[in-house]
Amino acid sequence: VTTPLIERFRDRLPVGPETPIVSLGEGSTPLLPAPRLSERLGLELWLKWEPANPSGSYKDRGMTLAVSKAVEAGASAVICASTGNTAASAAAYAARAGIGAVVLQPEGAVASGKVAQSRIHGARVLQVRGSFDDALSAARALADRGTHALVNSLNPHRIEGQKTAVFEIVDELGALPHAFVLPYGGGGNTVSYARGLAELGGRARLVSAQAADRRRTVATAIRIAAPAHREAVESLDAEVATVTDAQILEAWAELARLEGLFCEPSSAAGLAALALDPPRGKQVVATITGHGLKDPDTAARIAPDAVLVDPDPDAIAAAAGAA
Ligand SMILES: Cc1ncc(COP(=O)(O)O)c(C=O)c1O
């Protein structure tokens, strides 16, 4: 039986005996060695595989707490603006809690798997004519009216829940690594990691990788022009790295080919930053934030096409080539 994240880290989270626990078995995700990428980069790379969370992204760590606290406070519905993963997670946890969910997504800019996830959980999915930033402003304004609990990362419980990834990593490694690297969209996860580190009382480099073209990047999960946590990220001891779409896609494809791990493009932003300036010989943990199946269209556009053959062994052997 998987211990709910809130139970595992109860003494480090703002919960009391009365807090109902809305859990889908989140957290306790694998920390995987990456031998080929380690060799290529000349360092010891570990991957925190957050797609193993129930909705397929790290968002579930914060959402279990945000929805549990919303239920404790008597909320009957949650609302969020989202580039897709927050929406999928909010929809899943709201379904589990038996409350409503309204998710706002920038029109035409959310990967198909995430839209399908939100819809199948019964959330009210609204496509907003505008950017993620426009959708977030509207969600905040509506939440201020008191009808819906806001579960974006502006909700402090999201930040609290997400810091638990750092505790898990340090538990497993037995010590702090030289560096953590992760993608930087709105910055909530960077703030969470910094908090986790501060609570452990340790020091490690924290490298946050943003897309060079924040408004148009192929990595739709981090297509956020005005990060909600920018000021907080700037005030932290974090290093912000900037990577192009070509660098993100190269790191993404390499992870799939060399290590057998299929993530969504945004999740490879940290690896792309690492490749630009690898700290040789050091131990590094890259957080892989979301599953590749959420964005099958980008993979279909870029990966080699399937070849059509007759069901004939000779034809198949000829078509199989060296594989
Ligand atoms: C898969 C994925 N990676 C990274 C991020 C960016 O994280 P943050 O907004 O916490 O900086 C997001 C945000 O939506 C995401 O969905």
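Here's a quick rundown of the structure. (Residues numbered from 1 in each chain as written. Predicted model: local features only at pLDDT ≥ 70, side-chain atom pairs only at ≥ 80, totals over all residues. Heavy atoms only, no water.)

What to know about the sheet that holds strand E5 (residues 124-128)
1) Next: With parallel pairing, 4 strands are arranged side by side in an open sheet as E5-E4-E3-E6. The open sheet has two free edges, formed respectively by E5 and strand E6 (149-150), since each of these has just one partner strand.
2) Next: Here strand E4 (residues 100-106) runs beside E5; their pairing, made up of 5 bridges, is parallel. Looking at the pairing, glutamine 105 lines up with glutamine 127 of E5.
3) Next: Against the sheet, helix H6 (residues 132-144) engages strand E3 (77-81), E4, E5 and E6, with an angle of about 155° to E3. (Pairing = 2+ DSSP bridges. Helix = DSSP H or I, 4+ residues; strand = E, 2+ residues; numbered from the N terminus. Contact = heavy atoms within 4.5 Å. Axes fitted to C-alpha atoms, helices over the stretch in contact; angles between N-to-C directions.)

A few points about the pattern of salt bridges
Oppositely charged side chains can form a pair if their charged atoms are brought close together.
1) Next: In the structure shown here, the tally under the stated rule is 15 salt bridges.
2) Next: The partner of glutamate 168 in a salt bridge is lysine 48, with the nearest N and O atoms 2.7 Å apart. With glutamate 168 in helix H8 (residues 164-173) and lysine 48 in strand E2 (residues 44-49), the pair connects residues that are 120 residues apart, well separated along the chain.
3) Next: For lysine 163, the salt bridge identified is with glutamate 199, shortest N-O distance 2.9 Å. Of the two residues, lysine 163 sits in the loop between helix H7 (156-162) and H8 while glutamate 199 sits in helix H9 (residues 188-200), which places them 36 residues apart along the sequence.
4) Next: Overall, glutamate 199 belongs to the partly exposed group, its relative accessible area being 41%.
5) Next: Salt bridges sharing common partners tie together Arg8, Lys48, Glu50, Arg61, Glu168 and Asp171. (Salt bridge = Lys/Arg side-chain N within 4 Å of Asp/Glu carboxyl O. Buried < 20%, exposed > 50% of the residue type's maximum accessible area, 1.4 Å probe, protein only.)

Overview of the packing of aromatic side chains
1) Next: A full pass over the atoms with the stated rule returns 2 aromatic pairs.
2) Next: Where phenylalanine 9 meets phenylalanine 167, the ring centres are 5.8 Å apart and the plane angle is 50°; that geometry is what we call tilted. Here phenylalanine 9 is found in the loop between helix H1 (5-8) and strand E1 (31-33), whereas its partner phenylalanine 167 is found in helix H8, with 158 residues between them in sequence. The pair formed by phenylalanine 9 and phenylalanine 167 is uniform in burial state, with each residue classed as buried.
3) Next: Measuring from ring centre to ring centre gives 5.9 Å for phenylalanine 180 and tyrosine 193, while their planes differ by 85°; the resulting arrangement is edge-to-face. Of this pair, phenylalanine 180 sits in strand E7 (residues 179-183) while tyrosine 193 sits in helix H9, placing them 13 residues apart in sequence.
4) Next: You can call phenylalanine 180 buried: its relative accessible area is 1%.
5) Next: Of the residues examined, tyrosine 193 reaches a relative accessible area of 1% and is grouped as buried.
6) Next: Between arginine 12 and the ring centre of phenylalanine 167, over which it is positioned, the NZ or CZ distance is 4.2 Å. (Phe/Tyr/Trp six-rings, centres within 6.5 Å; stacked < 30°, edge-to-face > 60°. Lys NZ or Arg CZ within 6 Å of the ring centre and 35° of its normal.)

Some remarks on helix H3 (residues 59-72)
1) Next: In this model, H3 (14 residues) spans 20 Å end to end at C-alpha, consistent with the 20 Å of a helix rising 1.5 Å per residue.
2) Next: Taking burial as the measure, the 14 residues of H3 include 12 buried ones, the bulk of the element.
3) Next: All of the buried residues in H3 are Lys59, Asp60, Arg61, Gly62, Met63, Thr64, Leu65, Ala66, Val67, Ser68, Lys69 and Ala70. (Expected span 1.5 Å × (residues − 1).)

Some details on the nonpolar core
1) Next: Ranked by internal contacts, the top residues of the largest apolar core, which has 33 residues, are Leu45, Leu47, Leu255, Leu271 and Leu274.
2) Next: Mapped by element, the contributors of at least two residues to this core are helix H2 (35-41), E2, E7, strand E8 (205-211), strand E9 (239-243), helix H11 (245-259), helix H12 (269-276) and strand E10 (283-288).
3) Next: Among residues more than four places away in sequence, those in contact with leucine 255 are Leu37, Leu47, Gly260, Leu261, Cys263, Leu271 and Ile288.
4) Next: In this structure, Ala66, Val78, Cys80 and Ala91 belong to the second largest nonpolar core, which totals 18 residues. (Core = buried A, V, L, I, M, F, W, Y, C linked by side-chain atoms within 4.5 Å.)

Describing the site of the ligand
1) Next: Taken together, 17 residues lie around the ligand, and Tyr58, Asn85, Gly186, Gly187 and Thr289 are the ones closest in.
2) Next: Contacts to the ligand include lysine 59, whose side-chain N or O atom sits 2.8 Å from an oxygen atom.
3) Next: In the model, a nitrogen atom of the ligand is placed 2.7 Å from a nitrogen or oxygen of the threonine 289 side chain.
4) Next: Contact with the protein chains removes 96% of the 390 Å² of surface that the ligand exposes when unbound.
5) Next: Along the lines of polarity and charge, the residues of the shell around the ligand split into 5 nonpolar, 10 polar and 2 charged. (Near = heavy atom within 4 Å. Polar contact = N/O pair within 3.5 Å; in protein donor to acceptor, adjacent residues only side chain to side chain. Areas by Shrake-Rupley, 256 points an atom, 1.4 Å probe, with all protein chains shown as cover. Nonpolar A, V, L, I, M, F, W, Y, C, P; charged D, E, K, R; others polar.)

Brief notes about the environment of glutamine 117
1) Next: Secondary-structure assignment places glutamine 117 in helix H5 (residues 112-120).
2) Next: In this structure the C-alpha to C-alpha distance between glutamine 117 and lysine 294, which are 177 residues apart in sequence, comes to 8.7 Å.
3) Next: When near neighbours in sequence (up to four residues on either side) are disregarded, glutamine 117 contacts Ser55, Ala88 and Lys294.

Things to note about H9
1) Next: A rise of 1.5 Å per residue sets the reference length of H9, with its 13 residues, at 18 Å; its end C-alpha atoms lie 19 Å apart and thus fit the reference within 8%.
2) Next: Every buried residue of H9 is accounted for by Gly188, Asn189, Thr190, Val191, Ser192, Tyr193, Ala194, Gly196 and Leu197.
3) Next: Buried residues along H9 sit in contact with H7, H8, E7, E8, helix H10 (230-235) and E10.
4) Next: Among the residues trailing H9, glycine 201 stands out with phi positive, at a value near 70°.

A look at the environment of serine 57
1) Next: Within the element layout of this structure, serine 57 appears in the loop between E2 and H3.
2) Next: Accessibility expressed as a relative area gives 0% for serine 57, which makes it buried.
3) Next: Residues serine 57 and alanine 88 lie 31 residues apart in sequence; the distance between their C-alpha atoms is 9.0 Å.
4) Next: Contacts of serine 57, omitting those with residues within four sequence positions, involve Glu50, Pro51, Asn85, Thr289, Gly290 and Lys294.

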